[in-house]
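In case you want the letters, here they are:
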Amino acid sequence: MNRRMVAHSSLWVLLISGFLGCAGTSPFVTLPSSAFFEADSKEREALQVVSRAQESRRANCQQAGTCEEVTYTRGLVALFENREDAIHAFQELRTTVPNGRYAASSSRWLTLLQGGQPASVRQDPLFIQLRQEILHGLLDPDTLAASRKLKEQERRIAEVSH
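Residues numbered from 1 in each chain as written. Predicted model: local features only at pLDDT ≥ 70, side-chain atom pairs only at ≥ 80, totals over all residues. Heavy atoms only, no water.

1. Observations concerning the state of the cysteines
Under the counting rule described, the total for this entry stands at 1 disulfide. Between the sulfur atoms of Cys 61 and its disulfide mate Cys 67 the distance is 1.8 Å. Taking the torsion about the sulfur-sulfur bond, which here is approximately 80 degrees, the covalent link between Cys 61 and Cys 67 counts as right-handed. Comparing Cys 61 with Cys 67 shows no difference in burial state: the two are buried. (Disulfide = S-S within 2.5 Å. Buried < 20%, exposed > 50% of the residue type's maximum accessible area, 1.4 Å probe, protein only.)

So this is what it looks like as structure tokens:
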């Protein structure tokens, strides 16, 4: 993930956290197991490719010292899959690398994720733009190409099976 993406997502989280602090809370709370951001089927497929790549990187990250980035990326992907998993990933970062490069951003994500705001607030233009920024950073051209390749392989397997 590039530094620009990290800077953008950190800035957006900060802005939205401030916005929510002023907006108050609602009695309607999103379930912890639901996604924080919605994703269409194409985005979900591409995010699954990112998720699988992070899992394979995670197996080797101890030797390479890249676990911090892997965990942060897992947290960002989880925003589109399962809020609880995202919270866990960002908490893991705060615990294992409290002074790391993703510490401040992880703390802001935790504040936002644990804020209990209703899903309707996430239709605000700031949330929509934050969602797009994260997707743009996660789904680079290589990831999208891998997603298309995986889908084509699955289609061929299905054709052969029938």
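Additional details are given in the paragraphs that follow.
2. Some words on the confidence of the model for the protein chain
On average, residues of the protein chain score 77 in pLDDT, and 66% of them are at 70 or above. Here helix α1 (residues 3–23) stands out as the element of the protein chain with the lowest mean pLDDT, 52, in contrast to helix α4 (residues 83–96), whose mean of 94 is the highest. Segment residues 19–30 is flagged for pLDDT under 50; beyond a separation of four residues in sequence, or across chains, it makes 18 contacts in the model. (pLDDT = per-residue confidence, 0-100. Helix = DSSP H or I, 4+ residues; strand = E, 2+ residues; numbered from the N terminus. Contact = heavy atoms within 4.5 Å.)

3. Let's talk about the packing of α4 against helix α5 (residues 103–113)
Packing of α4 against α5 brings their axes to within 9 Å, and their N-to-C directions diverge by 145 degrees. Between α4 and α5 the crossing geometry is left-handed. Listed contacts from α5 to Arg 83, Ala 86, Ile 87, Phe 90, Gln 91, Leu 93 and Arg 94 of α4 are Ala 103, Ser 106, Ser 107, Trp 109, Leu 110, Leu 112 and Leu 113. In terms of residue class, the contact of α4 with α5 is built from 9 nonpolar, 3 polar and 2 charged. (Axes fitted to C-alpha atoms, helices over the stretch in contact; angles between N-to-C directions. Left-handed = near helix turned anticlockwise from the far one by under 90°. Nonpolar A, V, L, I, M, F, W, Y, C, P; charged D, E, K, R; others polar.)

4. Points about the packing of helix α3 (residues 67–78) against α4
Here α3 crosses α4 at 155 degrees, and the two axes come no closer than 7 Å. Overall, the two elements α3 and α4 adopt an arrangement that is roughly antiparallel. As α3 runs across α4, the sense of the crossing is left-handed. Between α3, through Glu 68, Thr 71, Tyr 72, Arg 74, Gly 75, Leu 76 and Ala 78, and α4, the contact on the second element is made entirely by Arg 83, Asp 85, Ala 86, Ala 89, Phe 90, Glu 92 and Leu 93. Considered class by class, the residues forming the contact of α3 with α4 number 7 nonpolar, 2 polar and 5 charged. (Parallel < 35°, antiparallel > 145°, perpendicular 65-115°, else oblique.)

5. A short note on the nonpolar core
Nonpolar side chains tend to gather and get buried jointly when the protein is soluble and globular. Formed by 28 residues in total, the largest nonpolar core has its most connected members in Phe 37, Leu 79, Phe 80, Phe 90, Trp 109 and Ile 134. Not counting chain neighbours up to four residues away, the residues in contact with Leu 79 comprise Ala 35, Phe 36, Phe 37, Ala 86, Phe 90, Trp 109, Leu 113 and Ile 134. (Core = buried A, V, L, I, M, F, W, Y, C linked by side-chain atoms within 4.5 Å.)

6. Let's talk about helix α6 (residues 125–138)
Counted at 1.5 Å a residue, the expected span for α6 with its 14 residues is 20 Å, and the 20 Å between its end C-alpha atoms agrees. Where α6 is concerned, the buried positions are Phe 127, Leu 130, Arg 131, Ile 134, Leu 135 and Leu 138. The buried side chains of α6 occupy one side of the element, clustering within an arc of 130 degrees when seen end-on. Looking at α6, the residues exposed on the side facing more than 90 degrees away from the buried face are Pro 125 and His 136. Two or three places before Leu 126, at the start of α6, stands the capping residue Asp 124, its side-chain oxygen 2.9 Å from that residue's backbone nitrogen. (Expected span 1.5 Å × (residues − 1). Arc of directions from axis to C-beta. Polar contact = N/O pair within 3.5 Å; in protein donor to acceptor, adjacent residues only side chain to side chain.)

7. Some thoughts on the packing of aromatic side chains
Tallied over the entire structure, the rule returns 8 aromatic pairs. Aromatic side chains Phe 36 and Phe 37 sit 4.8 Å apart centroid to centroid with 80 degrees between the ring planes, which places their arrangement in the edge-to-face category. The residues Phe 36 and Phe 37 share a single accessibility class, namely buried. Aromatic side chains Phe 37 and Trp 109 sit 6.4 Å apart centroid to centroid with 90 degrees between the ring planes, which places their arrangement in the edge-to-face category. Linking Phe 37 in the loop between α1 and α2 (41–64) with Trp 109 in helix α5, this pair joins segments that are 72 residues apart in sequence. Like Trp 109, Phe 37 is buried. Ring pairing ties together the aromatic residues Phe 36, Phe 37, Tyr 72, Phe 80, Phe 90, Tyr 102, Trp 109 and Phe 127, which thus form one cluster. (Phe/Tyr/Trp six-rings, centres within 6.5 Å; stacked < 30°, edge-to-face > 60°.)

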